[in-house]
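Residues per chain, in single letters:
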Amino acid sequence: MNEKFYEKPVEITDEAYRFDSFQNGEALFEKKRRLPAMGWNSWNAFGSGNTEELTKVMADKLVELELDKLGYKYVILDDGCYGASRVDGHLTGDSVKFPSDFGILSDYIHSKGLKFGMYNDIGSKLCSGLEVGTCGYEDIDTADYIKWGVDFIKVDNCYNVWDNATFSNPENARFTFAPAIRAVKVRLDGTTWTREYLAAKDAEITGTRAYIEGEYVKGIGTFDGTAPDTSPVGEMSSELRFRIDAPSSSEYSFYIDYVPGCVEGMGEWLQIVVEDGTGSKIYYHDDVVTPYPIRLQLSKGENVIRLMNHRRQENTLTSYARIKEGFKKADPDRDIVFSICEWGKTQPQNWGYKVGDSWRILNDITFQVGSDGDPGHGVWEGAYTTSVTAQYNKAVIMDEFAGLDKGWNDPDMLMVGMNGLTDTMCRTHMAMWCMMNAPLMLGLDLRRITKDDEIYKIIANKELIALNQDSLGIQAKRIHTTKAVAPDKAYIRDNDRIDVLAKPLHDGSVAVSFINVSMADKDTEVVIDNDLVVTYLKEKMVDPEGFLQASAYEVTDLFTGEKREIKAERDFGHGTRFASGKLPACGNLTVKIRPVE
């Protein structure tokens, strides 16, 4: 390990970086209230094979195709642009692929009226394996990025020094889980008062991550969210809580019967918090728990002792915050979009808003990236994250985590234009991402399209883009699905269904998207009414009563431009109804519903 890297995670002394602050809504840095970023990223198109010349060509094409006028402003170099190692501690360009200084390329992109973005990793290496991760070099790298005129930074999570992230040492789980715990004992020194509590019998286990195995409680930590295995809604971390009725306010000796480990679910770090009804006190024993008694101050009466390890989230938050702090130090006035790319591993929907403008929610949407001459390959559905629907199924119920005052859920780059997806799939893919306020990052070789082809019409659909960039800044909510009774919260992996998404807009209108998630035609139409829309969106709408009481509704198909007027009705307890019609496999009907006074 390079001597610049840290030997162990930094001690967290600022409560703003701790788990208990995650729900307070307070960002660590000034929020710009940005709408989702739009642009072109090199990874899906070229993987590590991107070059300086290809990047210039893509910038030229954004302007030639007038995609920049639609909002696609950022040109982002992903992995593969750097030299294999640092020079005097600094990042350099790959001498063959990027022979010029990055500042020169940045100037070229800026001369086109576009914005320049780059990439790094909070770990010791990049995902490609190059030993130029930013861990330990945050001050140097952020100063260089400022010098190069960077407007956007995407920061990955491979080789994370403090977690068993992709390519990292699996034993790094020691930092992110508490030991397996069998029992605790509390003693009031100088007296005969002693109590022992069994973890599997006497403790409260919060969340769903921890589990009982024999006499032990294991999994005291946070779910790994990299794969589409666990719902993002709910308590993703588990703690072990003991309720202690102390006979007096005093200092007590606290003993833990535990087994340490270095595997997922069983680690070597432990955090302790004591709550007595008037407040809480944090006792940090992050390293391996010692066999000696831990001294805890308890109040007379009931105390709650929380045993936990939230370091999976806290360490990652701290690592990303170091980069933000570096930018602030290098140039506090520089406006840089910060894209967190830790693939949902540490549940960034809980903490990402504190440092980032967006956060990836899963691993990559495709691993079959393109090259110069090869468009790459995407799929509609798959067992892992590499599909449109795997990303959508998770992101669609994450709307409450997003917003102008927070940031945006990022289900990864668009695969529109890659092999493997039909035009129908691409249209629905685009509609999904626009409705969900996902960052819109094109991932195709722009030389493959012209203004009169279908792929161009999809990515250049002004009406869909307007949904994504609507100034109200609200992610669509799923208000109906044919597979569940709690459409806005149920995590559904079965794609044999139709979903209905509704998104309030700044002008009082509502966008509604009927989505056939399945790969089979659906002949039975789905019908919703204005009552259902308002039931789910009332607190988010500009004028919910006006939407309910309209005399008619102008309904515009956002793909065909066709408009029709539906007169308001109230029949058998139902409000004005809107229907999907028959939907082809992977198809959608996305409309804007404008109330007519």
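Report on the accompanying structure. Nothing here was measured: the structure is a model prediction, and the numbers come from that model.

This part covers the overall build of the protein. Of the regular secondary structure elements, the protein holds twelve helices and 27 strands. Scaling as 2.2 N^0.38, a compact globule of 597 residues should have a C-alpha radius of gyration of about 25 Å, and the protein matches this with 26 Å. Each principal axis of the C-alpha atoms in the protein carries an extent, and together these give about 85 × 70 × 40 Å. Counting across all 597 residues of the protein, residues that qualify as buried make up 59%.

Of all hydrophobic cores here, the largest spans 97 residues; its most connected members are Leu-67, Tyr-72, Met-118, Trp-433, Leu-442 and Leu-446. Ranked by the residues each element gives to this core, the list is headed by helix 8 (residues 423-435), at eight residues. Residues Ile-220, Tyr-252, Ile-272 and Val-289 belong to the second largest nonpolar core, which totals 30 residues.

This part is about the pattern of salt bridges. One pass over the structure, following the stated rule, counts 48 salt bridges. Asp-189 is the salt-bridge partner of Arg-187, the closest N and O atoms lying 3.2 Å from each other. Overall, Arg-187 belongs to the partly exposed group, its relative accessible area being 31%. Among the charged side chains, a network of salt bridges with common partners joins Asp-20, Glu-239, Arg-241, Glu-275 and Arg-306.

What follows deals with helix 2 (residues 52-64). For helix 2, which comprises 13 residues, the first-to-last C-alpha distance of 18 Å matches the rise-based estimate of 18 Å (1.5 Å per residue) to within 8%. Looking at helix 2, one finds that the buried residues are Glu-52, Leu-54, Thr-55, Lys-56, Met-58, Ala-59, Lys-61 and Leu-62. On its buried face, helix 2 is in contact with strand 1 (38-41), helix 1 (42-46), strand 2 (74-76), helix 3 (102-111) and strand 19 (440-442). A positive backbone phi angle near 60° is found at Glu-66, which sits one or two residues after helix 2.

Now for empty space enclosed by the protein. Scanning all chains against the criterion turns up five cavities of 30 Å³ or more. Along its surface, the largest cavity is lined by 13 residues, and Lys-154, Ser-339, Asp-410, Met-413 and Met-441 are the ones closest to its centre. If you list the elements that add at least two residues to the lining of the largest cavity, you get strand 4 (152-156) and strand 17 (358-360). A breakdown of the residues in the lining of the largest cavity according to their chemical character gives six nonpolar, three polar and four charged. As a volume, the second largest cavity reaches approximately 50 Å³. Lys-31, Lys-32, Arg-33, Arg-34, Asp-357, Leu-404, Lys-406, Gly-407 and Trp-408 are the residues that line the second largest cavity. In the lining of the second largest cavity, the residues fall into two nonpolar, one polar and six charged.

Right, let's get into the packing of aromatic side chains. Two descriptors summarise a pair of aromatic rings, namely the distance from one centre to the other and the angle between the planes of the rings. By the definition in use, this model includes 17 aromatic pairs. In this structure an aromatic cluster arises from ring pairing among Tyr-82, Phe-98, Phe-102, Tyr-145, Trp-148 and Phe-327. Its end group placed over the ring of Tyr-137, Arg-86 keeps NZ or CZ at 3.8 Å from the ring centre.

Strand order across the open sheet formed by five strands is 7-10-15-12-13, with antiparallel pairing between neighbours. Two strands in the sheet have a free side with no partner beyond their single neighbour: strand 7 (204-205) and strand 13 (280-285). Bridging between strand 10 (residues 240-246) and strand 15 (residues 301-308) involves seven bridges; their strand directions are antiparallel. Across the sheet, Arg-243 pairs through a bridge with Val-304, a residue of strand 15.

Right, let's get into the packing of helix 4 (residues 138-147) against helix 6 (residues 311-330). Interaxial distance between helix 4 and helix 6 falls to 8 Å at its minimum, and their mutual angle equals 55°. With respect to each other, helix 4 and helix 6 are oriented oblique. In this structure, helix 4 meets helix 6 at a crossing whose hand is right-handed. Contact residues: Glu-138, Asp-139, Thr-142, Ala-143, Tyr-145 and Ile-146 in helix 4; Arg-322, Ile-323, Gly-326, Phe-327, Lys-329 and Ala-330 in helix 6.

The subject of this paragraph is the state of the cysteines. Across all of its chains, the model carries one disulfide by this definition. Shown here is the disulfide that connects Cys-127 with Cys-158, its sulfur atoms set 1.9 Å apart. Handedness here is read from the sign of the S-S torsion; for Cys-127 and Cys-158, about 90°, the answer is right-handed. Remark: Cys-158 occurs in the loop between strand 4 and strand 5 (180-187) and Cys-127 occurs in the loop between strand 3 (115-121) and helix 4; sequence separation between them is 31 residues. Judged by relative accessible area, Cys-158 falls into the buried class, the value being 2%. Left unpaired, Cys-426 is separated from the closest cysteine sulfur, that of Cys-586, by 11 Å. Overall, Cys-426 belongs to the buried group, its relative accessible area being 1%.

Next up on the list: the side chain of Thr-142. Along the chain, Thr-142 falls in helix 4. On the accessibility criterion, Thr-142 (2% relative accessible area) is buried. Among the polar contacts listed, one links the side chain of Thr-142 to the backbone oxygen of Gly-326, at a separation of 3.4 Å. Non-local contacts of Thr-142, meaning those with residues more than four positions away in its chain, are made with Ile-323, Gly-326, Phe-327 and Ala-330.

Criteria and thresholds
Residues numbered from 1 in each chain as written. Predicted model: local features only at pLDDT ≥ 70, side-chain atom pairs only at ≥ 80, totals over all residues. Heavy atoms only, no water. Helix = DSSP H or I, 4+ residues; strand = E, 2+ residues; numbered from the N terminus. Rg over C-alpha atoms; globule rule 2.2 N^0.38 Å. Buried < 20%, exposed > 50% of the residue type's maximum accessible area, 1.4 Å probe, protein only. Core = buried A, V, L, I, M, F, W, Y, C linked by side-chain atoms within 4.5 Å. Salt bridge = Lys/Arg side-chain N within 4 Å of Asp/Glu carboxyl O. Expected span 1.5 Å × (residues − 1). Contact = heavy atoms within 4.5 Å. 1 Å grid on protein atoms, 1.4 Å probe; cavity = no way out; pocket = protein on both sides within 12 Å on 5 of 7 lines; lining within 4 Å. Points joined across faces, edges and corners; volume = space filled by probe spheres on them. Nonpolar A, V, L, I, M, F, W, Y, C, P; charged D, E, K, R; others polar. Phe/Tyr/Trp six-rings, centres within 6.5 Å; stacked < 30°, edge-to-face > 60°. Lys NZ or Arg CZ within 6 Å of the ring centre and 35° of its normal. Pairing = 2+ DSSP bridges. Axes fitted to C-alpha atoms, helices over the stretch in contact; angles between N-to-C directions. Parallel < 35°, antiparallel > 145°, perpendicular 65-115°, else oblique. Left-handed = near helix turned anticlockwise from the far one by under 90°. Disulfide = S-S within 2.5 Å. Polar contact = N/O pair within 3.5 Å; in protein donor to acceptor, adjacent residues only side chain to side chain.

By themselves these figures say nothing about function.
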